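# Analysis of the macromolecular model
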Amino acid sequence: MIGSRVLSIMVGLLGIPILLSCLGSEMYGGWAVLLGGSFAFYVLEFGMSTTVIKYLAEKDSYCDLHRSEVLSNATSLLIIVFLLAGVAVLYAAAPLAGWLNLPDTRLLSPGGLIIFLFFSVIGTLLFRISFQTLCAVRRYDAYALISLLQFFISNIVSWIVAYNWPRLDLILISYWVSQLIILYLSWLWVRRTVPWSYRPGLTSWATIRQMFLHGFNLQFSDMMYFVHFQFDKMLIAGFVGLAQVTHYECASRAGQALRSIPGFGLGSFLPTATEKYSSKQDFWPAYLDLTRVAALSAVFLLLLPMAVSPLFLFAWVGQIGYHGRWVFMLLAAGIAISVIAMPVNLFVQAMGRTAVMARLAVVSIIMNVVFSLILIQIWGKEGAAAGTALAISITGLMYLYDFHSVNHRSMSGTCYKLLHLMWPAVFICAMCYGLEQLIEPWVISSRWYMAPAAAVLYLSGAISILFVFATTGRLGEIELKLLGKIPGVGQWIASIDAKS
């Protein structure tokens, strides 16, 4: 599962310079807006993927009748939602496309691009709801393989089409049609492996209502993710233009990729958090340990990349990436705070206080929309990034404050411990940024100079941080265990401990 996640991130980042070189800045901005629109349509699933797994787990997931009952109700709910949403999309597609400045293409009008996108997402969601049966019977490997094939093949096909026929409509159609083909073939296999059938006689309004309410609460986190990282692109398209969307997209996608690594890794500690809380043990030391890991992850995956981002972004996608450097820096600063707050999410789920998560998600969405609408008219794409960074940061601090208050702990005490622990790392990141500013004029003439310069500067900062932390005893048991999994790093740190 982790390997497929990392590979998906790498494929996604690799595709940006490929599509950008084929489409150009303006057309790629349209592609980025449509990609963000797909996330908006995915929200219409209303958390049914997770809800289906829960309902199957509560029943006998190995019984065909029970699987058919759960999936029939979930499918009926999705059909109702999609029909209602379809009416709205058909009515609003043309004016929305005009406001977003979407281009006209040979096969699809601007509104037609949105309508095609909507029906493509609907198809993927209806196929994917069946795949949750694999998780219910513990076939996680098969589920991960289908997700990987869907993502990998659709991207490869779109790259081939972009290279030979650099047209937005053909790339969009090839991307989604290839996904639908893979999902259809997978759906046929899943139906044979874990059989179920759609039976209207097994549906009931009471069950549909219960599943909707459960999924609706879960969906707030997906809505928050959409607003934080996709909604801004639509505002930029409407207020500034598609070319600026391209600058924003390159920086934002890099930040999202880096954020997903600690998010996925820390999520694996949820069973530990649940066990600590349910057994009535003192879970606070475990929370502090995970927060220390989260803070160190934020340093290596966000603050240090932020220090070398002008060099890296230029080396990755050229001047377009360089012009998005401040977008990346602003987003990375906000994401760093949200990463530090990730352990709170784990323990809040373990405590069963998901209503708190939903409430704060709504507050975060409102803040993001308001801040971005105001700041984008002042600073353009950087204003949109600043609005998102502010919303993410304030939400993370609210998570921390609420969690400490409920558990009668001092938030200032936790912040002081983190600051005392992490200040050498923050100082080294600041030094790396200063060095980046010094060498940037010398290497900016070529991307071939900037790539190795960014790599050397990042590795120097990372090695310096690890050396200082190892010699001053700042690495805890969990950090040593995680670092020990990296070839060569564990032995090097052990040798430093032995000498000191």
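This structure is a prediction, so every number in the text was calculated from the model and none was measured. (Residues numbered from 1 in each chain as written. Predicted model: local features only at pLDDT ≥ 70, side-chain atom pairs only at ≥ 80, totals over all residues. Heavy atoms only, no water.)

## Describing the overall build of the protein chain
Under the convention used in this document: Put simply, DSSP H or I for four residues or longer makes a helix, DSSP E for two residues or longer makes a strand, and each gets a number counted from the N terminus. Just to be clear, the radius of gyration here is over C-alpha atoms, and the globule rule we use is 2.2 Å times residues to the power 0.38. The buried label goes to any residue with under 20% of its type's maximum accessible area, the exposed label to any with over 50%, and the partly exposed label to all in between, with areas taken from a 1.4 Å probe on protein chains only. For this analysis, residues touch if any pair of their heavy atoms sits within 4.5 Å. Note that accessible areas follow from Shrake-Rupley with a 1.4 Å probe, and for residues the cover is restricted to the protein chains shown. His is not counted, nor are the chain ends; Lys and Arg add positive charge and Asp and Glu add negative charge. Where a charge lies is defined by one atom per residue type, namely NZ (Lys), CZ (Arg), CG (Asp) and CD (Glu).
Secondary structure summary: the protein chain contains 19 helices and zero strands in total. Taking 2.2 N^0.38 as the reference for a compact globule, 500 residues should give roughly 23 Å; the C-alpha atoms of the protein chain span a radius of gyration of 24 Å, in line with that estimate. Across the 500 residues in the protein chain, those meeting the buried criterion constitute 53%. Partitioning the contacts of the protein chain with sequence separation of at least 6, the portion at a separation of at least 24 is 81%. As presented, the protein chain carries roughly 22600 Å² of accessible surface, and 69% of it is formed by carbon and sulfur atoms. In the protein chain, 30 positive and 22 negative side-chain charges are present, and the distance between their average locations comes to 3 Å.

## Examining the pattern of salt bridges
If the charged atoms of two oppositely charged side chains come close together, the side chains can form a pair. Our working definition: By definition, a salt bridge exists where a carboxyl oxygen of Asp or Glu is found within 4 Å of a side-chain nitrogen of Lys or Arg.
Counted under the stated rule, the structure contains seven salt bridges. The partner of Glu249 in a salt bridge is Arg253, with the nearest N and O atoms 3.0 Å apart. Of this pair, Glu249 and Arg253 are both found in helix H8 (residues 242-267), four residues apart, which corresponds to roughly one turn of the helix. A salt bridge links Asp402 to Arg359; the nearest nitrogen and oxygen atoms lie 3.9 Å apart. Taken together, the positions of Asp402 in helix H15 (residues 381-406) and Arg359 in helix H14 (residues 354-379) put the pair 43 residues apart, joining distant regions of the chain. Here Asp402 falls in the buried class, since its relative accessible area comes to 18%.

## A look at the environment of Val190
Tracing the backbone through its elements, the reader meets Val190 in helix H6 (residues 168-193). For Val190, a relative accessible area of 0% puts it in the buried group. Sequence spacing of Val190 and Phe39 is 151 residues, and the spatial spacing of their C-alpha atoms is 25 Å. Beyond its immediate sequence surroundings of up to four residues, Val190 is in contact with Ser130, Phe131, Thr133, Leu134, Ile146 and Pro195.

## Points about helix H5 (residues 140-164)
Quick reminder of the rule: By this rule the span expected of a helix is its residue count minus one, scaled by 1.5 Å.
Here H5 contains 25 residues, and its C-alpha end-to-end distance of 36 Å stays within 8% of the 36 Å for a straight helix at 1.5 Å per residue. Ala142, Ala144, Ile146, Leu148, Gln150, Ser154, Asn155, Ser158, Trp159, Val161 and Ala162 are the residues of H5 that are buried.

## Examining the packing of H5 against H6
Rules: Axis definition: a line fitted to C-alpha atoms, over the contacting stretch in the case of helices. Angles run 0 to 180 degrees between N-to-C directions. These descriptions rest on fixed angle ranges, namely under 35 degrees for roughly parallel, over 145 for roughly antiparallel, 65 to 115 for roughly perpendicular, and the rest for oblique. A clockwise turn of the near helix away from the far one marks a right-handed crossing, whereas an anticlockwise turn of less than a right angle marks a left-handed crossing. Gly counts as polar in this scheme, as do all residues outside two lists: the nonpolar Ala, Val, Leu, Ile, Met, Phe, Trp, Tyr, Cys and Pro, and the charged Asp, Glu, Lys and Arg.
Viewed as axis vectors pointing N to C, H5 and H6 meet at an angle of 155°, and their least axial separation amounts to 8 Å. Judged by the inter-axis angle, H5 sits roughly antiparallel to H6. The element H5 and its partner H6 pack so that their crossing is right-handed. Taking contact as the criterion, the partners of Ala142, Ile146, Leu149, Gln150, Ile153, Ser154, Asn155, Val157, Ser158, Val161 and Ala162 in H5 are, on H6, Leu170, Ile171, Ser174, Tyr175, Ser178, Gln179, Ile182, Leu183, Ser186, Trp189 and Val190. Among the residues forming the contact of H5 with H6, the class breakdown is 14 nonpolar, eight polar and no charged.

## Notes on H15
For H15, spanning 26 residues, the distance from its first C-alpha to its last is 38 Å, which sits close to the expected 38 Å at 1.5 Å a residue. At the C-terminal side of H15, His408 shows a positive phi close to 55°.

## So, the packing of aromatic side chains
Our working rule: Each pair of aromatic rings taken from Phe, Tyr and Trp, with Trp reduced to its six-membered ring, is defined by centres within 6.5 Å and is described as stacked if the planes are under 30 degrees apart, edge-to-face if over 60, and tilted in the remaining cases.
A complete count under the given rule lists 21 aromatic pairs for this structure. With centroids separated by 5.3 Å and ring planes inclined at 90°, the aromatic side chains of Tyr175 and Trp176 adopt a geometry described as edge-to-face. Residue Tyr175 is classed as buried on the basis of its relative accessible area, which comes to 8%. Overall, Trp176 belongs to the buried group, its relative accessible area being 3%.

## Some points on the state of the cysteines
To keep it simple, the criterion reads: The disulfide criterion is simple: two cysteine sulfur atoms within 2.5 Å.
Evaluation of the coordinates by the stated rule reveals zero disulfides. Distance from the sulfur of Cys415, which forms no disulfide, to the nearest cysteine sulfur (Cys429) is 18 Å. Cysteine Cys432 is unpaired, with the sulfur of Cys429 as its nearest cysteine sulfur at 6.3 Å. Among the residues examined, Cys432 registers a relative accessible area of 5% and is labelled buried.

## Some details on a nonpolar patch on the surface
We apply this condition: Only residues whose relative accessible area exceeds 30% and that take part in no salt bridge are eligible for patches, with like-charged residues grouped when within 9 Å of each other and nonpolar side chains (Val, Leu, Ile, Met, Phe, Trp, Tyr) grouped when within 5 Å.
On the surface, Leu96, Trp99, Phe239, Val240 and Leu373 cluster together into a nonpolar patch covering about 430 Å² of accessible area. Examined against the element boundaries, Leu373 turns out to sit in helix H14.

## Things to note about the side chain of Thr75
Among the structural elements, Thr75 can be located in helix H3 (residues 64-99). Given a relative accessible area of 11%, Thr75 falls into the buried group. Non-local contacts of Thr75, meaning those with residues more than four positions away in its chain, are made with Leu126, Ile129, Trp196 and Tyr198.

## Section: unusual backbone geometry
Its identity as a non-glycine residue notwithstanding, Phe46 has a phi of 55°, on the positive side. Residue position: Phe46 is located in the loop between helix H1 (2-42) and helix H2 (48-58). Phe46 gets classed as buried once you look at its relative accessible area, which sits at 17%. Notably, His408 is not glycine yet its phi reads approximately 55°, a positive angle. Among the structural elements, His408 can be located in the loop between H15 and helix H16 (411-443).

## Quick notes on the confidence of the model for the protein chain
Rule in force here: Per-residue confidence from the predictor is reported as pLDDT, which spans 0 to 100.
In the predicted model, the protein chain carries a mean pLDDT of 88, and the fraction of residues at 70 or more is 92%. When pLDDT is averaged over each element of the protein chain, helix H12 (residues 325-340) comes out on top at 96 and helix H9 (residues 270-278) at the bottom at 64.

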